[in-house]
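What follows is the residue order along each chain.
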Amino acid sequence: DVTTTFPLRQLVVNVKNSAATLDWTLGELNTSLPFKASISQGILTLTRQPSLCGSGTILLNAVNARVALNVFVLGSLDSNMIVNGDFNQTNDQQKLMGWESNTWDGTFAASQLPASSGVGVNHSACALLQGFGPGKFGIFQTFTGSSTEKEVQVYEVSAMIAADGALPGEYGNTFTFLLLFSNGSLIGDLPLLPSGSGSTGWRQFSGYFRVGPEPANVTAYFRIWGEGFYFVDNVSIKKRHCPAESPAGQNYSFTVSEEYSPLNFTPPVRYEDLLLCGYCEDPVYNTSKVCNRCREANMSQLLPPQQANTYIV
């Protein structure tokens, strides 16, 4: 059981003598409510009924005032269906344990950035997806969406996402989320970036989707479509028992929050950047992101190897 207490003196009630000590009483309670209620010394106590959830209204009486209090009891969340959603685990090749990847077209890479990099949310480990040009690439996991009660089940999704230097690819996509069901239906591709290209700090992607009434295998993808650095962290998909009500017929809903925290990432300098590094003596460009990267790079490692001189006699 879960018990919550609420001091009723915090309620603002329009009575003639507001300075008077109010004696609170409960109105008649519906026995089908998913909670029990009691009042003692101005303290309202709500106790959740075992295995029940849902909404209900209780009436509170005080002098000549009556207050209707709406209470919603959420069901519990199951364990995370995603393996290694925090990306702390890797194998010997620094691949993301529990995750698979697929390249439809183009050149891409996926790897773990350890906590020591300081890039992840709150300086944790995270996944880095890197695109070297237009194409399509994704990391994914598949799980079974259960529906043992032969009813539609609701799953809640949450992930932290960020990007640096994102450039759009096919259909103008950059970074998207996709759900593919074993019956052939899908949800997506849902855009994860606030605009077509650019950079953003950590944002929370969250929402829900429905499975059922029949069980189905569900594959969740994070996909990138073009050049840039893309980051994923703290991925979870959990079944919600007795979820909050949603509009009829709405099978999913997802949102991306405002920037949660800045992205602590400096892209590595490539050989192609050397031309831009030549402008960094100019005060106009000296403080740019490219110049900051150039100052940290070992330029000798970026130069292509020189061929031995050949002399014709």
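All values derive from a computational prediction rather than experimental measurement.

### Structural notes on the sheet that holds strand E1 (residues 3–7)
Remark on secondary structure: sheet strands pair via backbone hydrogen bonds, oriented parallel or antiparallel.
Phase 1 of the analysis: Taking strand neighbours across the sheet as the criterion, the three strands line up as E1-E4-E3 in an open arrangement whose pairing is antiparallel. Only two strands of the sheet have a single neighbouring strand rather than two, namely E1 and strand E3 (35–40). For this sheet the average axis-to-axis angle between neighbouring strands, irrespective of direction, equals 20 degrees.
Phase 2 of the analysis: Bridging between E3 and strand E4 (residues 43–48) involves six bridges; their strand directions are antiparallel. Bridged to serine 38 within E4 is threonine 45.

### Considering the nonpolar core
Phase 1 of the analysis: In this structure, Phe175, Phe177, Phe209 and Phe222 are the most contacted members of the largest nonpolar core, which totals 38 residues.
Phase 2 of the analysis: With 13 residues, the next largest nonpolar core counts Trp24, Phe35, Leu44 and Val71 among its residues.

### As for the pairing of strand E10 (residues 136–145)
Phase 1 of the analysis: Counting buried residues along E10, eight of its 10 residues qualify, which places the element largely inside the surrounding structure.
Phase 2 of the analysis: As judged from the nine bridges shared by E10 and strand E15 (residues 216–224), these two strands associate in the antiparallel manner. Counted as the bridge partner of phenylalanine 137 is isoleucine 224 from E15.

### A closer look at the confidence of the model for the protein chain
Phase 1 of the analysis: The share of residues in the protein chain with pLDDT of 70 or more is 77%, and the mean pLDDT across the chain is 80.
Phase 2 of the analysis: A low-confidence stretch, residues 305–313 stays under pLDDT 50, and its non-local contacts, those more than four residues away or across chains, total zero contacts.

### Comments concerning the environment of glycine 188
Phase 1 of the analysis: Topologically, glycine 188 is positioned in strand E13 (residues 186–191).
Phase 2 of the analysis: Placed 33 residues apart in sequence, glycine 188 and tyrosine 221 show a C-alpha to C-alpha distance of 9.5 Å.
Phase 3 of the analysis: Each residue touching glycine 188, except ones within four places of it in the same chain, is listed here: Phe177 and Leu178.

### Quick look at the pattern of salt bridges
Phase 1 of the analysis: Overall, the coordinates contain two salt bridges when judged by the stated rule.
Phase 2 of the analysis: In this structure, arginine 240 and glutamate 156 form a salt bridge, with 2.9 Å as the shortest nitrogen-oxygen distance. Here arginine 240 is found in strand E16 (residues 228–240), whereas its partner glutamate 156 is found in strand E11 (residues 153–166), with 84 residues between them in sequence.
Phase 3 of the analysis: Residue classification places arginine 240 among the buried residues on the basis of a relative accessible area of 13%.
Phase 4 of the analysis: For glutamate 156, a relative accessible area of 29% corresponds to the partly exposed category.
Phase 5 of the analysis: Among the ionic pairs, arginine 223 bridges to aspartate 189, the shortest N-O distance being 2.5 Å. With arginine 223 in strand E15 and aspartate 189 in strand E13, the pair connects residues that are 34 residues apart, well separated along the chain.

About the thresholds
- All residue numbers here refer to positions counted from 1 along the written sequence of the relevant chain.
- With pLDDT at 70 or above as the cut-off, local features in this predicted model cover only qualifying residues; side-chain atom pairs require 80 or more to be listed or tallied, and sums for whole chains, interfaces and linings still use all residues.
- With hydrogens and water stripped out, all remaining heavy atoms of the structure feed into the side-chain values.
- For two strands to count as paired, DSSP must find a minimum of two bridges between them.
- Segments assigned H or I by DSSP are reported as helices when at least four residues long, segments assigned E as strands when at least two residues long, and all are numbered from the N terminus.
- Every axis in this analysis is a line fitted to C-alpha atoms, fitted for helices over the stretch in contact. Angles between the N-to-C directions lie between 0 and 180 degrees.
- Nonpolar core, defined: a set of buried Ala, Val, Leu, Ile, Met, Phe, Trp, Tyr and Cys residues in which side-chain atoms within 4.5 Å join the residues together.
- A simple rule labels every residue: compare its accessible area, found with a 1.4 Å probe on the protein chains alone, to the largest value its type can have, and call it buried under 20%, exposed over 50%, or partly exposed in between.
- The predictor's confidence in any single residue is recorded as pLDDT, a number from 0 to 100.
- When checking whether two residues touch, look at their non-hydrogen atoms; a contact exists if any pair is within 4.5 Å.
- A carboxyl oxygen of Asp or Glu within 4 Å of a side-chain nitrogen of Lys or Arg is what we treat as a salt bridge.

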